[in-house]
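Here is how the chains run, residue by residue.
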Number of protein chains: 4
Amino acid sequence: MTDLSTQPWDIGDDDHPHEECGVVGIWGSSDAAALTALGLHALQHRGQEAAGIVSLAGQGQFHAHKGRGLVGDNFGDAHVIAGLPGHAALGHNRYATTGETALRNVQPLYADFEFGGFAVAHNGNLTNAHQLKRALVRRGCLFQSTTDSEVFIHLIAISLYTTVMDRLIDALKQVQGAYSLVALHNGALIGARDPLGVRPLVLGKLATGGYVLASETCALDIIGADMVRDVEPGEIIMIDDSGMKSIRPFARAQSRFCIFEYIYFARPDSVVEGTPVYDTRKRIGAELARESGVTADVIVPVPDSGVPAAMGYAAEAGIPFELGIIRNHYVGRTFIEPTDQIRHLGVKLKHSANRSMIEGKRVVLVDDSIVRGTTSRKIVEMVRQAGATEVHMRISSPPTTHSCFYGIDTPERSKLLAAKHDIAEMAQIIGADSLAFISLDGLYRALGKTGRDANAPAYCDACFTGDYAIPLTDSQDNSERPLSLLQAANR
Amino acid sequence: MTDLSTQPWDIGDDDHPHEECGVVGIWGSSDAAALTALGLHALQHRGQEAAGIVSLAGQGQFHAHKGRGLVGDNFGDAHVIAGLPGHAALGHNRYATTGETALRNVQPLYADFEFGGFAVAHNGNLTNAHQLKRALVRRGCLFQSTTDSEVFIHLIAISLYTTVMDRLIDALKQVQGAYSLVALHNGALIGARDPLGVRPLVLGKLATGGYVLASETCALDIIGADMVRDVEPGEIIMIDDSGMKSIRPFARAQSRFCIFEYIYFARPDSVVEGTPVYDTRKRIGAELARESGVTADVIVPVPDSGVPAAMGYAAEAGIPFELGIIRNHYVGRTFIEPTDQIRHLGVKLKHSANRSMIEGKRVVLVDDSIVRGTTSRKIVEMVRQAGATEVHMRISSPPTTHSCFYGIDTPERSKLLAAKHDIAEMAQIIGADSLAFISLDGLYRALGKTGRDANAPAYCDACFTGDYAIPLTDSQDNSERPLSLLQAANR
Amino acid sequence: MTDLSTQPWDIGDDDHPHEECGVVGIWGSSDAAALTALGLHALQHRGQEAAGIVSLAGQGQFHAHKGRGLVGDNFGDAHVIAGLPGHAALGHNRYATTGETALRNVQPLYADFEFGGFAVAHNGNLTNAHQLKRALVRRGCLFQSTTDSEVFIHLIAISLYTTVMDRLIDALKQVQGAYSLVALHNGALIGARDPLGVRPLVLGKLATGGYVLASETCALDIIGADMVRDVEPGEIIMIDDSGMKSIRPFARAQSRFCIFEYIYFARPDSVVEGTPVYDTRKRIGAELARESGVTADVIVPVPDSGVPAAMGYAAEAGIPFELGIIRNHYVGRTFIEPTDQIRHLGVKLKHSANRSMIEGKRVVLVDDSIVRGTTSRKIVEMVRQAGATEVHMRISSPPTTHSCFYGIDTPERSKLLAAKHDIAEMAQIIGADSLAFISLDGLYRALGKTGRDANAPAYCDACFTGDYAIPLTDSQDNSERPLSLLQAANR
Amino acid sequence: MTDLSTQPWDIGDDDHPHEECGVVGIWGSSDAAALTALGLHALQHRGQEAAGIVSLAGQGQFHAHKGRGLVGDNFGDAHVIAGLPGHAALGHNRYATTGETALRNVQPLYADFEFGGFAVAHNGNLTNAHQLKRALVRRGCLFQSTTDSEVFIHLIAISLYTTVMDRLIDALKQVQGAYSLVALHNGALIGARDPLGVRPLVLGKLATGGYVLASETCALDIIGADMVRDVEPGEIIMIDDSGMKSIRPFARAQSRFCIFEYIYFARPDSVVEGTPVYDTRKRIGAELARESGVTADVIVPVPDSGVPAAMGYAAEAGIPFELGIIRNHYVGRTFIEPTDQIRHLGVKLKHSANRSMIEGKRVVLVDDSIVRGTTSRKIVEMVRQAGATEVHMRISSPPTTHSCFYGIDTPERSKLLAAKHDIAEMAQIIGADSLAFISLDGLYRALGKTGRDANAPAYCDACFTGDYAIPLTDSQDNSERPLSLLQAANR
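Residues numbered from 1 in each chain as written. Chains lettered and ligands numbered in written order. Predicted model: local features only at pLDDT ≥ 70, side-chain atom pairs only at ≥ 80, totals over all residues. Heavy atoms only, no water.

1. Examining the overall build of chain A
Basically, it comes down to this: Secondary structure is summarised from DSSP: a helix means a run of H or I of at least four residues, a strand means a run of E of at least two, and numbering begins at the N terminus for each. Throughout, a residue-residue contact means that at least one pair of heavy atoms, one from each residue, lies within 4.5 Å. Note on areas: these come from Shrake-Rupley sampling with a 1.4 Å probe, and a residue is covered only by the protein chains present in the view.
Regarding its fold elements, chain A presents 16 helices and 26 strands. Excluding contacts between residues fewer than 6 apart, the proportion of contacts in chain A whose partners are at least 24 apart in sequence is 69%. Carbon and sulfur atoms provide 50% of the accessible area of chain A, an area that totals close to 16900 Å².

Below, the structure written as structure tokens:
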């Protein structure tokens, strides 16, 4: 039963956009489920709410295990892995945007088709899912979950084509959006990226033979797999016992990889498009220092994500880098709804000031983004209370002025601080002596471009520019009644 | 996670056929969910494994709660009932034939249709469910459960008719089997019985206005509702705010109500087809005494179900009725897998002999049926060990020679004692000095008929005769591959 | 954590006194824990709230398992039994009078003494436990539970005697009350009954050798043990590998066995003091019919406990016995807090009227006792609503006018209906056309006496007479402050 | 029930000594329990296995809540805090050395004394606990837990003194060991440190009035309390409504504060003996660089504890500091028992190499200690696999050659790498090109001393020197039989 009285600790406090999901697929290993679990563990930063694995054993027999919570909590037991036999497996980490997650929404989704079992998991968001769903329901399709993945499954089920691959292509041609998906049926493991390649997907090779598909290279590293290459935008990879095939059902288009993966989402030790993320973040920090230098005594990162940029900033600025803010990693699932009196203390459950590094100093705080601004305000206040004489905030991304509709959980636009205020106002709101964001061109420079080419931008930067490269069909169509929703009083 | 080490106590011991489910529907009460829960509680004997309720509140908003275990365990809390608001509700008790019940199989099932939400629950079994399911999957329908109810839902979803009622009739015309179903959509509560009326369904009226549909009258009694009448075979009842309508989409046929409801399934205080079940069972016992009298000192029922027949037998035979066997009602969910040494003790967890009523006496045991014979053998042995000088077994049903395919869980035919042995052999196997079953004609006489009319039998008695009035389509068609099954490592 | 919102179903409804506990001890079987679990299962009627077993294996190694709920729910799993190895074991069923049971209060209690481990469990109540506890605390003893058993343990711990048996006798001489206890240490299994023998304890012999001690003979029957004899009032039984020894540390006194064990507590198939309980209850019913006959059409027991008395009554009165009230055994742990509207329906979750046996008839209801009268009133009302023309209530015990302090949970005196009202008033309160209780002398006659000898009553009948044979020390001494109580926010 | 199949992830992997516990006490705030919970949250690094809080409300009424897991998981719910009313509270974080924690072992412990309720919690270890326990049991005391705290409680209970404070002093004079304890009774909050002050305890003042006692200053910071001072070695602090009193029952001795608190245990933002821990660690790193410099390209900390020392090392050495190892903070409660094949992969669940910072470089790894060496070997191997050309390990503590008996969980001596091998061997075992530890004198220098004064060392450094300042009574006395232990088959 839902415990209505608990309060997820992060709500209203961890002021970051949130990635929606990581995926892993393995073909050709007798340890497929265990390797998938390890890969999901390495991708845990992309979704901590629930995890699921589907494995495929002989004679097309599928096995599944799903659970709320971390990968280690659900797949750490050898008995669970033993219940997922087979030479292929598919896994998914979920980040959910709201409320309780019904277990039926935890991916991978599975269906019995005429041609056998089929499982699919994806990272991303379809921008015409509601439109498609209404059409499918009108046709007699019954939806059991509220995930986009189920739209894929119904489109495949009703396709008039006969082979699985033709049905999948038929389905992909009907959807709009940003997605990286992995699918598994009796004959093959399949990976696909949307035509603009917004969400990441990489292909690796196991040391023991066999292939792996995963959202980031860190999932390859943990299982000792070698990176082969990124799956390309619009490409479908089919892996079966005869090897790997590439299929390109879409016309070539300018790639628009999500620029925020560099700034915040990807793990620092992952390699994205040939460049280590950690390096990139240090270069962004250095660029930020060049653009928005300030006289100060110490550079302090907002942990943990601001650390590499702060190091780059400090090195470029020649100012000491210190851990002036300590993060408490033992936050637990929930925490206190404080009384008014305690709330006035401005209690910091997740961060605390390292007073000895701050007291009497001019501090530059480096963080990766400001979304609502709530956390930034608390952090600045905490640093001042610890005795900083000046607090300057530097942000390693441009102002977040627009919501993401491509698979990242951001607040609606009206809640984005940068959508309503200019930088001077924002500085005042968060209480900083000065505030600066990296420029859009500066960000592109740090990524090795000469700047942003407005005619053919190299990345999806819609959250900073409002330049939405994929149509927002559902968002612009509220004409039809939404599907009714069953309210479950419990799981 | 499934605990593989526990052993449901009843397996191999409670040697009865098992009812598969009870249903309740309420329309027109602000306490709809609470009344439904009470009705399900009164029908708990029809299924103890899981229970579910779906309620309908304003603007077509549906709410659901399901759980494993007893009604009282799942719906005893006022908070749960408060989470099921609305003026109408639908409930279901489930008895499952095997293994763990996935929560997704617990009825009522719910679907979002183009025309709004729709919930359905049924008691019974479709005999062409697999055939229909294969056809539906071929067409692109995706199944999420393994229950027959989902076949109803898909047939309704893909129907080309426009009104809910036309779609439902369209669906019912395609299914074969024995079923009593209740369904709920935004505009109405619906009840339907199969054309032969094999499974029961009664209509009642609430004291406060509003209607109730339920499997037995005992569910009406607990909520103070008045019995209106049985829903008739092949009839569809539609209840909405304007009242009750009867729809008869099927041609009239000879009714074939399940005769085993009289013998064992129905609660003794329920009234079936105008006759109290308790009275009927006493009349069956008396008829049995007339047919198969024996000189004895005491008539002892096998509790609890054999009690009324034993009372009728004792009164007719003029032999004292005594509770010579005591039943332990505190059996709990599971019990001991005994060591060999303990198993040799012939441990009786559920029944114990009341030695003072048995020792030195000629005992007639009265039970309602013999399925596998395992319990009968244990009971006879226990009574002998308690000192009975003779043990005569009298059964208030004819020999169970055939399996049921119409919603009752019976073993396959090869496991039915009476399918393989004549009565003398059966007596020897269970260790009784004599054994007699009521005759088929005697049973019909006890039910007020002159005997069984072989040309037009008044009841479904297939378990005694093999006369299957509804085609057994799925059982006779094993040509196509079964659907693959997802093996879930946990819930 | 305590779920404050659930409501134990029985509260205010099952209007019986409640037994506080059953005990079992085994010495000399390699299946000691399994046999103990089976014995506890047979004694489940004496306490359903929690169960515990302590076993003793080689080198004085003790093992324990305790849990809330039924024996079968906690000890049904072979893994649990495997975790309780050894040749001796001790078990306890607990009935708790109030609130949640802390697991630390579930018996057997265990302590590490200088001489080794020691476990004890008892059925009964000490009447000077608080007085002793205060003295022990003053001396520096720390109490961890709120059970009387812990007083035994501290008294043994601080005794200046050296042998376990001397310490135990030292302890028993300091306590007042009604108790049957079983204890286990490295060298022996011990059983003891209080000097008046108020609570039951029987000695049996296992077929495979070894001994068993248990509250009732039904616990011997389930494991195939032979009854040896009742442990006598004031007797201590010591069982070790050399056999059984009897020790009598107390002067002989007139035995005062609890008369309510005959009327209600003991299982009908148990043999108490040489007489089967079922027989006794039928004789009580017959005596009641002779004393308080009434013209009627049908005798109806209030199930389940009223059945044998009703059979005796019916046979003596020559009026048909019918099951006019059906009991629902599937009540579950909790049930609905009904809305006002539903409460007005007078919902009967546990009993329902079998209308066909009642309508238009003059009904005699036979029950075993009236405590608060709440259930009786509901039952009478239900029977009237089912169409009875007259309802006469006959009770197979005298009026319950006093509380029990000897191990039975009864309400305080002010809540006992018979303490405040004469029989005519009680009849009016419960709504019966007539009401009669068996007389005290009639009850003694049914038990084979010539009547009650006021100078030396053969039984403890304090609940009917206020004749308390054991001093009520604690009840009469409220002078000192009670011990403070730790309020645990969770288990 | 214990799930035997899961494997705590950290076992054999996180190769650190482990702190045993953190304590917090509050007196004089209406938010006492909430503030205690926040303080425990700040001290979560000192124990993550279980947490408990006891509060004291009016009329000496105590309330308690305990649970396994993190503070936030157990005390995050406002309902739990509401169940702990009062103006004073006591809390404890537990780290357990082995197996499952029985809830009865979770502190604070509570007892009902003659003078009222009493709760106590401590950080540390008594070195004569077993000896005292045997004597207490011989006297008739019954132990319910296996914690040292219960020895305190029994000693207080049996003391012949009359006031609580006298009894406490009486008890403290009988115990040997390292402890910081906080206790709560109706009249006062008490804090005490052992005579050598081995374990930390600080006194703070709440902004709203009232006092706080806590293991570290970070617990004061989170609730906005001002540091007053360290509780002094051998000092007892008594706080009641009239203010704070200091009692010194012990003769003054040379303080021997645990030097490992500086190196590893204390949170970097805590201030210990007037010096910020973060600063101290940087100074230790700098000293280490001076002592054991090496030509290299990059200084890489082993996260998270090695970070400040690595920063100090890097600054002193003039070599770039980089995050060459990434720590995965989402490890969960348990993780995979890998198959052999996976184990050979050398899977790193907690750390991964940041290849771009390591490949082709000469790397200096900085860690705080080597205990068994298992993690160091894995880390070195991982860094080599990531392409380091040289790997030099630098340790910010001297070699750990002896076990701790003063409240820190270290392996027995035979499992300490430095107890069996010289530094050259250790380097070979962990696979490093070079290995160096800070010298003992160097460590003292970094702490502001001129070096270690062997005649009067300023700190407890027994783990590096074997100089045990407090007698190890229990460890040297194995003559008597240990107390038997009850083996609980479940919780």
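2. Overview of the sheet that holds strand β21 (residues 362-367) of chain D
All names here are of chain D. The condition is simple: One requirement defines pairing of two strands: DSSP has to find at least two bridges between them. Note on method: axes are straight lines fitted to C-alpha atoms, helices fitted across the in-contact stretch only, with angles between N-to-C directions ranging 0 to 180 degrees.
The 4 strands are arranged β18-β21-β22-β24 in an open sheet whose pairing can be described as parallel. Each of the sheet's edge strands pairs with one partner strand only, and the pair in question is β18 (298-301) and β24 (434-437). Averaged over all neighbouring strand pairs, the angle between strand axes comes to 20°, with direction disregarded. Each of β21 and β22 (390-395) touches helix α12 (residues 374-385); the most contacted strand, β22, lies at about 150° to it.

3. Notes on the packing of aromatic side chains
Residue and element names in this part refer to chain A. Let me state the cut-off plainly: Side-chain rings of Phe, Tyr and Trp (the six-membered ring for Trp) are treated as a pair once their centres are within 6.5 Å; stacked means planes under 30 degrees apart, edge-to-face means over 60, and tilted covers the remaining angles. When accessible area is computed with a 1.4 Å probe and restricted to protein chains, residues below 20% of their type maximum are described as buried, those above 50% as exposed, and intermediate ones as partly exposed. Whether a charge sits over a ring depends on NZ of Lys or CZ of Arg being within 6 Å of the ring centre and within 35 degrees of the ring normal.
On inspection of all chains with the given rule, the structure shows 53 aromatic pairs over all chains. Considering the side-chain rings of Phe 113 and Phe 115, the 4.9 Å spacing of their centres and the 50° angle between planes classify their relative orientation as tilted. For Phe 113, a relative accessible area of 3% corresponds to the buried category. With a centroid separation of 6.4 Å and an interplanar angle of 70°, the aromatic rings of Phe 260 and Tyr 264 are classed as edge-to-face. Residue Phe 260 and its partner Tyr 264 are located together in helix α8 (residues 260-265), separated by 4 residues, close to a single helical turn. With a relative accessible area of 3%, Phe 260 lands in the buried category. Members of the aromatic cluster, connected to one another through ring pairs, are Phe 257, Tyr 262, Tyr 444 and Tyr 459. Between Lys 205 and the ring centre of Tyr 211, over which it is positioned, the NZ or CZ distance is 4.5 Å.

4. Some points on the side chain of Glu 261 of chain B
Operational definition: By the criterion applied in these results, polar contacts are pairs of N or O atoms within 3.5 Å in which, for protein atoms, one can donate a hydrogen and the other can accept it, and in which residues neighboring in sequence qualify only through two side-chain atoms.
Inspection of the secondary structure assignment puts Glu 261 of chain B in helix α8 (residues 260-265). A polar contact is formed between the side chain of Glu 261 of chain B and the side chain of Arg 199 of chain B, at a distance of 3.1 Å.

5. Notes on the pairing of strand β3 (residues 50-57) of chain A
Residues and elements named next belong to chain A. Within β3, 8 of the 8 residues are buried, which leaves the element mostly enclosed by the surrounding structure. The side-chain alternation of β3 yields two buried faces, one formed by Ala 50, Gly 52, Val 54 and Leu 56 and the other by Ala 51, Ile 53, Ser 55 and Ala 57. Relative to strand β5 (residues 88-94), β3 runs antiparallel, the two being bridged by 7 bridges. Within the sheet, the bridge partner assigned to Ala 51 lies in β5 and is Asn 93. Turn length for the β3-strand β4 (residues 61-68) hairpin, with the two strands adjacent in sequence and antiparallel, is 3 residues, and the turn residue Gln 59 shows positive phi of about 55°.

6. Some remarks on the nonpolar core
Put simply, the rule reads: Nonpolar cores are built from buried Ala, Val, Leu, Ile, Met, Phe, Trp, Tyr and Cys residues. Side-chain atoms within 4.5 Å join them into one set.
Phe 321 of chain A together with Phe 321 of chain D are the most contacted members of the largest nonpolar core, which totals 95 residues. Not counting chain neighbours up to four residues away, the residues in contact with Phe 321 of chain D comprise Met 311 and Phe 321 of chain A together with Ile 299, Pro 301, Val 307, Ala 310, Met 311 and Ala 314 of chain D. Core analysis: the next-biggest nonpolar cluster, separate from the first, contains 93 residues, Ala 178 and Tyr 444 of chain B together with Leu 196 and Ile 284 of chain C among them.

7. Topic: the pairing of strand β10 (residues 202-205) of chain C
Residues and elements named next belong to chain C. The pairing of β10 with strand β11 (residues 211-214) spans 4 bridges and is classified as antiparallel. Across the sheet, Lys 205 pairs through a bridge with Tyr 211, a residue of β11. Connecting β10 to the antiparallel partner β11 that follows it, the hairpin turn spans 5 residues, and Gly 209 within it adopts a positive phi of roughly 90°. Of the pairings in the sheet, the one linking β10 to strand β12 (residues 226-230) comprises 4 bridges and is antiparallel in character. If you follow Leu 203 over to β12, its bridge partner there is Arg 229.

8. With respect to the pattern of salt bridges
A side chain with one charge can pair with a side chain of the opposite charge if their charged atoms come near. Rules: Salt bridge criterion: a side-chain nitrogen from Lys or Arg within 4 Å of a carboxyl oxygen from Asp or Glu.
This model, assessed by the stated rule, comprises 88 salt bridges over all chains. Arg 252 of chain B is the salt-bridge partner of Glu 232 of chain B, the closest N and O atoms lying 3.5 Å from each other. Of the two residues, Glu 232 of chain B is situated in the loop between β12 (226-230) and β13 (236-240) and Arg 252 of chain B in the loop between β14 (243-247) and β15 (257-258); the sequence distance between them amounts to 20 residues. Residue class for Glu 232 of chain B comes out partly exposed when judged on its relative accessible area of 29%. By relative accessible area, which is 65% here, Arg 252 of chain B ends up exposed. Salt bridges sharing common partners tie together Arg 229, Glu 232, Glu 235, Arg 248 and Arg 252 of chain A.

9. Observations concerning the sheet that holds strand β6 (residues 109-113) of chain C
Residue and element names in this part refer to chain C. Spatially, 6 strands are ordered β6-β7-β8-β9-β13-β14 in an open sheet, and the strand pairing comes out antiparallel. Whereas interior strands pair on both sides, the edge strands pair on one side only; in this sheet they are β6 and β14 (243-247). Averaged over all adjacent pairs, the angle separating strand axes in this sheet is 20°, with direction ignored. Here 5 bridges tie β6 to strand β7 (residues 116-126), and the two strands are oriented antiparallel to one another. Note that in β7 the partner of Phe 113 across the bridge is Gly 116. The strands touched by helix α5 (residues 149-158) are β6, β7 and β8 (177-185); relative to β6, the strand with the most contacts, the crossing angle is about 10°.

10. A closer look at the domain arrangement of chain A
All names here are of chain A. Worth spelling out the cut-off: Residue ranges for the domains originate in an automatic or database domain assignment. Buried area: the accessible surface (1.4 Å probe) lost by two parts on joining, summed over both.
In terms of domain boundaries, chain A breaks down into domain 1 (21-256) and domain 2 (274-459). One C-alpha centre belongs to domain 1, the other to domain 2, and the line joining them spans 34 Å. Contact with domain 1, which involves 11 residues of that partner, is made by 10 residues of domain 2. When the area that domain 1 buries against domain 2 is broken down by residue, the three leading residues are Arg 199, Gln 254 and Arg 256, summing to 47%. Counting every contact that joins domain 1 to domain 2 gives 0 salt bridges.

11. Points about the side chain of Thr 400 of chain D
One can find Thr 400 of chain D in the loop between β22 and β23 (408-409). Sequence-distant contacts of Thr 400 of chain D, defined by excluding residues within four places in its chain, comprise Phe 260, Ile 370, Leu 416, Ala 418, Ala 419, Cys 463 and Phe 464 of chain D.

12. Some thoughts on the state of the cysteines
All names here are of chain D. Heads up, the condition is: Working definition: a disulfide is two cysteine sulfur atoms within 2.5 Å of each other.
Scanning the entire structure with this criterion turns up 0 disulfides over all chains. Here Cys 258 is not cross-linked by a disulfide; its sulfur's nearest cysteine counterpart is in Cys 460, at 6.2 Å. Accessibility expressed as a relative area gives 7% for Cys 258, which makes it buried. Judged by its relative accessible area of 9%, Cys 460 falls in the buried class.

13. Some remarks on the packing of helix α9 (residues 277-291) of chain D against helix α10 (residues 307-317) of chain D
When two helices pack together, their arrangement is given by the angle between their axes and by how far apart the axes lie. Residues and elements named next belong to chain D. Rule in force here: Our angle categories are set so that under 35 degrees counts as roughly parallel, over 145 as roughly antiparallel, 65 to 115 as roughly perpendicular, and the remainder as oblique. Working rule for handedness: look at the near helix, and if it is turned counterclockwise from the far one by less than a right angle, call the crossing left-handed; if clockwise, right-handed.
Packing of α9 against α10 leaves a shortest axis separation of 6 Å and a crossing angle of 45°. Here α9 lies oblique to α10, going by the angle between them. You can see that α9 and α10 cross each other, and the crossing is right-handed. Along its contact with α9, which presents Tyr 278, Arg 281, Lys 282, Gly 285, Ala 286, Leu 288, Ala 289 and Arg 290, the element α10 presents Pro 308, Ala 309, Met 311, Gly 312, Tyr 313, Glu 316 and Ala 317.

14. Here's the deal with the UniProt feature "binding site: [4Fe-4S] cluster" (unreviewed entry) in chain A
Residue and element names in this part refer to chain A. Note the cut-off: UniProt positions are given in the numbering used here, feature names are shortened, and annotations may be inferred rather than shown by experiment.
According to UniProt, the feature "binding site: [4Fe-4S] cluster" (unreviewed entry) maps to Cys 258, Cys 404, Cys 460 and Cys 463 in the numbering used here. Spanning 206 residues, the named residues nonetheless gather at one spot, since no C-alpha pair among them exceeds 10.2 Å. Within the secondary structure layout, Cys 460 lies in strand β25 (residues 459-460). What Cys 460 contacts, discounting residues up to four positions off in sequence, is Arg 256, Phe 257, Cys 258, Ile 259 and Tyr 406. Examined against the element boundaries, Cys 463 turns out to sit in helix α16 (residues 462-465).

15. Re helix α4 (residues 129-139) of chain B
Each full turn of the α-helix corresponds to 3.6 residues, which orients residues three or four apart in the same direction. Every buried residue of α4 of chain B is accounted for by Ala 129, Leu 132, Lys 133, Arg 134, Leu 136 and Val 137 of chain B. Against β6 (109-113) of chain A together with β7 (116-126), α5 (149-158) and α6 (164-174) of chain B lie the buried residues of α4 of chain B. Looking one or two residues beyond α4 of chain B, the residue adopting positive phi is Gly 140 of chain B, at roughly 110°.

16. Brief notes about unusual backbone geometry
Looking along the chain, the bond that leaves Gln 107 of chain B and enters Pro 108 of chain B is cis, with omega of -5°. Along the polypeptide, Pro 108 of chain B turns up in the loop between β5 (88-94) and β6 (109-113). Of note in the backbone geometry, Glu 273 of chain C takes a positive phi value of approximately 50° without being a glycine. Position of Glu 273 of chain C relative to the elements: it lies in the loop between β16 (271-272) and β17 (275-276).

17. Observations regarding the environment of Lys 420 of chain D
All names here are of chain D. Residue position: Lys 420 is located in helix α13 (residues 417-420). Assessed through its relative accessible area of 49%, Lys 420 is described here as partly exposed. When the C-alpha atoms of Lys 420 and Thr 401 are compared, they prove to be 8.1 Å apart, with 19 residues separating the residues in sequence. Residues within four places of Lys 420 in sequence aside, it is in contact with Ser 414 and Glu 425. Among the polar contacts listed, one links the side chain of Lys 420 to the backbone oxygen of Ser 414, at a separation of 3.2 Å.

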